[in-house]
Amino acid sequence: MRSFLLAGLIAATSSALIAQNPGQNVQVAVQVTAANTTADTTGVSYAVTNLPTSTAPLWLYFVDAPGGVLRIARYTGPLRWTTGTSFGSRARAGWMLLHDYLAAGATTPDLHFDAIGVPGILTYWAGGYFPVPVGGDEVETDSTTIPDPFVVSMITGKTVGVEPWPSDRSAQALLARLRGLTQSSCSAPLNWITDPSLCGQLLADIDQAEVYRSNGQAPQAANSLVHYEGLISAGMTGGTVTSAAYWLLRANAEIVRARL
Amino acid sequence: MQFTETGVMIADAFVNGVEQMDTVAVRASEVQITLQKQSMRPSIRFVNLQGVSISDLSTQKISVSVVGDSGLILNKSVSLALKATDGSAGHIGHPANSKPPGGLRTGGPTITLNTGPTGVDTVTFVAPDPSGPVTVTGTSDGARIGAAQIKVEVTGLVQLPLVDAHYDTSGYKAIHPDNHWVTPNHLGYLVGLANQFFFVTTEWYGTAKKLSFNDSSLPSGGLFDNVDNTGFWTYPHRTHRLGRDTDVRTTKDPNLIQDDLDEVRFIWVHQFGGTIKTEGDHWHLTK
């Protein structure tokens, strides 16, 4: 299944032109391999593939983490990397592969981090390896600004990350949030769910859950969400739901069910 | 009447054979030099590695007049001359009187002005690339010499502590013994890099590795000349002028391997938002 999804992702991403800036000469497929929330903490794992169309080895992968990073795993296998939890004042989970940078066509082992919050749609950055530029004389006037490396030497996209808990944690508010996430997954630019009829069924399940919830019928509302999760799982098996949508929506549906 | 000394003049005259004396307070005429600012940043001029001339001049207007007993003296010729201060701003042991003092208008360190019909002339002072005090001296016939001192400096630099458990410092030379002055922000980034690198390498190897910080800036910033290569007052160090960049040894440090350098790059660029450029056996860390 994973290879099938990956092929779809390659097809979806490889049409873009490869950028010319050093570091941007990569194309990646970011597969979410897990997103689970326990108590107030969510852990997310990724497998990042450096697509065969890349002209540079993959070196860096970052995910925005607006609520801060609680834990980030350092891999100790043959493929070594180092990790970071911030860029300036912004919290980001970051991994940098060491010396044996990831060749085109290869995939990382799981990259995992934990943060307090709920699964959400967030920005990722990926960067290809390039040697340190020769120089030492570019930034030496008061008016010169240092370029943002995430802008000039990395590519970017959307994936599942962890965003802070909403201020309203009621089942009603979280159901409304799940509806919004479902709509986003079903529409451009994400297009994480490509079957329009499935999208309609998913939204119908959420709406039905809200009706039950507002009538005080919590078990029935929960059943609607169980049905919703079943549709997501079937869609993933059928190839119309990406791993990002699967983990994003399943984890958030479980969060809602726990609060009914 | 123009006087060259200030004091009391005794007037002595015979009127109809009778001697009459009186005292008159007099003020000597004097060249006055008025600065827009007492302190200013040094100029930055160099040709970068791509052959492009970089020029970021630091200038100010200097007003010049000759004031006599009755006020401004009109149409008076004044000669101005600039003199840098030997041994200042961290430049030790350079040849005497060799330090560039900057320029007046677009020319060299001397110029002749005329106070004209208003009694005041102005001239643009272009700061030199090296920091240090520059004395402006004005002379005019029959008038006392006027002078003013301009501090050419990058203000606010602080010294990187030279001894630390997590990094080493290097690059001292007899002519530049004070080579680790930086902005407070840059200091924070350097210390943060050293600390993080120390702890990460401890985790990786069981024993820590320390980075070696070579030249940063001189105590007042400005041109950091390096006589080993090209002679006095030239710029093998094109940068190192504003306290925002520091050399860290790379291939010159046999203790470091590629993983270590990757870690340095990861921290400096992708956590601190700085830039790194390589030059020979070292990297320039800029932020």
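In the block above lies the structure referred to throughout.
The rules behind these values
- Residues numbered from 1 in each chain as written.
- Chains lettered and ligands numbered in written order.
- Predicted model: local features only at pLDDT ≥ 70, side-chain atom pairs only at ≥ 80, totals over all residues.
- Heavy atoms only, no water.
- Helix = DSSP H or I, 4+ residues; strand = E, 2+ residues; numbered from the N terminus.
- Rg over C-alpha atoms; globule rule 2.2 N^0.38 Å.
- Contact = heavy atoms within 4.5 Å.
- Areas by Shrake-Rupley, 256 points an atom, 1.4 Å probe, with all protein chains shown as cover.
- Lys, Arg positive; Asp, Glu negative; His and termini not counted.
- Charge placed at Lys NZ, Arg CZ, Asp CG, Glu CD.
- 1 Å grid on protein atoms, 1.4 Å probe; cavity = no way out; pocket = protein on both sides within 12 Å on 5 of 7 lines; lining within 4 Å.
- Points joined across faces, edges and corners; volume = space filled by probe spheres on them.
- Nonpolar A, V, L, I, M, F, W, Y, C, P; charged D, E, K, R; others polar.
- Expected span 1.5 Å × (residues − 1).
- Buried < 20%, exposed > 50% of the residue type's maximum accessible area, 1.4 Å probe, protein only.
- Arc of directions from axis to C-beta.

Q: Help me understand the overall build of chain B in this model?
A: Looking only at helices and strands, chain B has 2 helices and 21 strands in total. A globule of 287 residues ought to have a C-alpha radius of gyration of about 19 Å, yet chain B, at 27 Å, is considerably larger. Overall size of chain B, expressed as C-alpha extent along the three principal axes, is 110 × 35 × 30 Å. The contacts in chain B between residues at least 6 apart in sequence include a share of 67% that link residues at least 24 apart. When the accessible surface of chain B is summed, it comes to about 12,500 Å², and 54% of that surface belongs to carbon and sulfur atoms. Taking the average location of the 22 positive side-chain charges in chain B and that of its 28 negative ones, the two points are 5 Å from each other.

Q: Just checking my understanding: could you explain the layout of surface pockets for this structure?
A: Empty space left among the atoms is revealed by rolling a probe the size of a water molecule over them. The computed volume of the second largest pocket comes to approximately 410 Å³. Contributing to the lining of the second largest pocket are 21 residues, with P133, P147 and V152 of chain A together with T275 and K277 of chain B lying nearest its centre. At the level of secondary structure, the elements contributing two or more residues to the lining of the second largest pocket comprise α2 (149–152) of chain A together with α2 (258–270) and β20 (275–279) of chain B. Grouping the amino acids of the lining of the second largest pocket by side-chain chemistry returns 11 nonpolar, 7 polar and 3 charged.

Q: Where do I start with helix α4 (residues 196–214) of chain A in this structure?
A: At 3.6 residues per turn, the α-helix brings residues three or four places apart onto the same side. All names here are of chain A. Here α4 spans 27 Å end to end across 19 residues, near enough to the 27 Å set by a 1.5 Å rise per residue. Three or more residues of α4 are buried, namely L198, C199, L202, L203, D205, I206 and A209. Seen along its axis, α4 keeps its buried residues to an arc of 150°; they face one direction. Against α3 (171–186) and α5 (218–238) lie the buried residues of α4. Among the residues trailing α4, G216 stands out with phi positive, at a value near 80°.

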